[in-house]
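Notes for the structure review
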Amino acid sequence: MSLDVEKELLHVPVGNPAPDFYGENRPGANLYTGSIVALDVRTGKLAWYYQAVPHDVRDYDLTHVAPIFTTTVGGQQRTVIALTGKDGLLRVLDRDTRNVRYSTPFTTRENAEGPIGTSFTHVCPGLLGGHEWNGAAYSPRLGALFVPATDWCNQIRPAAQSPDPQAEKKRGQFFGGEFQFDPWANARGWLTAFDAATGATRWRYQSSKPMIGGVAVTGGDVVFAGELTGDFLVFDANDGKVLYRHNVGGPIAGGMVSYASGGKQYVAAVSGFVGGYYNQMAPEIGGGNPTITVFALKRNAASR
């Protein structure tokens, strides 16, 4: 979520409708799924909304409606909101006009729009693809957005329209059909730096596995991120060069925070158990004790 202090509005992302793949019994746009909803912080009343994915049939939650920032668009200062989700698109929405200033993919997209046929369809991103649990980071100094991503596809098929009791049962279940993940060996991840005003790609880092951990960027132009391999990474925010790598002993899929105490800067990364779906699909990265690893930055910036 994100808080607009000036307008006193809370921006909330909304997940997908269900059944996931079978949309025949939920006609229309299915408001307010796959949407950003702006709520009055004092009353909870709906102020406005924008639906990114109408009548979703792929499990494409809108997962993040942050950060909110001010940038120059077309020679004018505009306040905008970054929207990212499981459909693999970065959208930057004008807060006041609700127009999409730009939309650009941050992971592989294949058969990501339109209706789904009755046979198995290969879809990218898949059920666990796109942007998962931790949000993008924004650098006002560099005017850049840093977006982590899962690049993992799957086959999906909606339940059959049949009077058969088994087909009727499948239509009423959460998924409303069947799915098959691509081999785990095919799953990978990205961390992409975008120009926040235009959506142009500045640099991109490819990870051997999905990147679902948090991302933090500092005023010293460094980016902190983590991998399911257990590697904690420090990037140069300008060009994506890896400045430091350290394995924490478990998959990094949780939050990442930079903070100061006693005049010294620290970075904390959460690692360990990655959740039921990832544990099912890839047991080798699902274990590990939940751990918070804290790094202290040296006072001499040149020695980082």
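This write-up is about the structure you can find in this document.

Conventions we followed
- Each chain has its residues counted from 1, following the order in which its sequence is written.
- Only residues with pLDDT of at least 70 are given local features in this predicted model, and only at 80 or more are side-chain atom pairs given and counted; all residues enter the totals for whole chains, interfaces and linings.
- Values shown for side chains rest on all heavy atoms present in the structure; no hydrogens or waters enter the calculation.
- Helix and strand assignments follow DSSP, with helices taken as H or I runs no shorter than four residues and strands as E runs no shorter than two, numbered in order from the N terminus.
- Throughout, the radius of gyration refers to the C-alpha atoms, and the reference size of a globule is 2.2 Å times the residue count to the power 0.38.
- Only heavy atoms matter for contacts: two residues are in contact if any of them lie within 4.5 Å across the pair.
- Here the accessible surface of atoms and residues is derived via Shrake-Rupley with a 1.4 Å probe, and residues count as covered only by protein chains that are part of the display.
- Counted as positive: Lys and Arg. Counted as negative: Asp and Glu, with His and the chain ends omitted from the count.
- Just so you know, the charge point we use is NZ for Lys, CZ for Arg, CG for Asp and CD for Glu.
- Between the rings of Phe, Tyr and Trp (Trp by its six-membered ring), a pair exists once the centres lie within 6.5 Å; its type follows the angle of the planes, with under 30 degrees stacked, over 60 edge-to-face, and the other angles tilted.
- Relative accessibility thresholds used throughout: buried, under 20% of the residue-type maximum; exposed, over 50%; partly exposed, between the two (1.4 Å probe, protein chains only).
- Think of it this way: DSSP has to see at least two bridges between two strands before they count as a pair.
- To get an axis, a line is fitted to the C-alpha atoms, and for a helix only the part in contact is used. The angle between two axes follows their N-to-C directions and goes from 0 to 180 degrees.
- Only one rule defines a salt bridge in this text: a Lys or Arg side-chain nitrogen within 4 Å of an Asp or Glu carboxyl oxygen.
- The disulfide criterion is simple: two cysteine sulfur atoms within 2.5 Å.

A count of helical and extended segments in the protein gives 2 helices and 22 strands. A compact globule built from 304 residues would reach a C-alpha radius of gyration of about 19 Å, and the protein, at 20 Å, matches this within 12%. Along the longest, intermediate and shortest principal axes, the C-alpha atoms of the protein span 70 × 45 × 35 Å. Look at the contacts in the protein between residues 6 or more apart in sequence, and 54% of them connect residues 24 or more apart. Summing over all exposed atoms, the protein offers an accessible surface of approximately 13700 Å²; the carbon and sulfur share of this is 51%. For the protein, the distance from the average site of its 27 positive side-chain charges to the average site of its 27 negative ones is 5 Å.

So, on to the packing of aromatic side chains. In total, this model carries 15 aromatic pairs according to the counting rule given. Ring geometry for W203 and F235: centres 5.7 Å apart, planes at 25°, overall stacked. In this pair, W203 is assigned in strand β15 (residues 201–207) and F235 in strand β18 (residues 231–236), connecting sequence segments 32 residues apart. With a relative accessible area of 0%, F235 lands in the buried category.

Here the focus is the sheet that holds strand β16 (residues 216–217). Strand order in the open sheet formed by 4 strands is β16-β17-β18-β19, and the pairing between neighbours is antiparallel. Two strands close off the open sheet at either side, each with one partner strand: β16 and β19 (242–247). Sheet analysis places β16 next to strand β17 (residues 222–226), joined by 2 bridges and oriented antiparallel. What sits directly across from A216, in β17, is F224.

What follows deals with the pairing of strand β6 (residues 76–85). With 8 of 10 residues buried, β6 lies mostly within the body of the structure. Of the pairings in the sheet, the one linking strand β5 (residues 62–73) to β6 comprises 9 bridges and is antiparallel in character. Note on β6: the bridge partner recorded for I68 is I81. Counted between consecutive antiparallel strands, the loop separating β5 from β6 contains 2 residues, among which G74 sits at a positive phi close to 60°. Where β6 meets strand β7 (residues 89–94), 4 bridges bridge the pair, whose relative direction is antiparallel. Among the inter-strand pairings, A82 is bridged to a residue of β7, identified as V92.

Moving on, we come to the sheet that holds strand β9 (residues 121–123). Across the sheet, 3 strands lie side by side as β9-β12-β13; this open sheet has antiparallel pairing. Each edge of the sheet is formed by a strand with only one pairing partner; in this case those strands are β9 and β13 (177–181). Along the sheet, successive strands turn relative to each other by an average axial angle of 30°, direction set aside. Bridge count for strand β12 (residues 154–158) against β13 is 5 bridges, and the pairing is antiparallel. Across the sheet, residue N154 finds its bridge partner in β13, namely F181.

For the structure shown, the criterion picks out 17 salt bridges. One salt bridge in this structure joins E8 and R42, with 3.0 Å as the shortest N-O distance. Of this pair, E8 sits in the loop between β1 (2–4) and β2 (9–13) while R42 sits in the loop between β3 (35–40) and β4 (46–51); the two residues are 34 residues apart in sequence, bridging distant segments of the chain. Given the relative accessible area of 35%, E8 is considered partly exposed. Linking D195 and R202 is a salt bridge whose minimum nitrogen-to-oxygen distance equals 3.0 Å. For D195, a relative accessible area of 18% puts it in the buried group. Looking at R202, the relative accessible area reads 39%, which means it is partly exposed. Linked by salt bridges that have partners in common, D4, E6, K7, R95 and D96 make up one network.

Of note, G240 is situated in the loop between β18 and β19. Those residues in contact with G240, other than ones at most four positions away along the chain, are W203 and F235.

Time to look at the state of the cysteines. Within this structure, the stated rule accounts for 1 disulfide. Here C124 pairs with C153 through a disulfide, and the sulfurs are 2.0 Å apart. Its S-S torsion of about 110° marks the bond between C124 and C153 as right-handed, since a negative value means left-handed. Linking C124 in the loop between β9 and β10 (137–139) with C153 in the loop between β11 (144–151) and β12, this pair joins segments that are 29 residues apart in sequence. Assigned by exposure class, C124 and C153 land together as buried.

A word on the side chain of T104. Residue position: T104 is located in strand β8 (residues 100–105). You can call T104 buried: its relative accessible area is 15%. With residues up to four places along the chain from it excluded, the contact list for T104 reads G88, L89, L90, F194 and G199.

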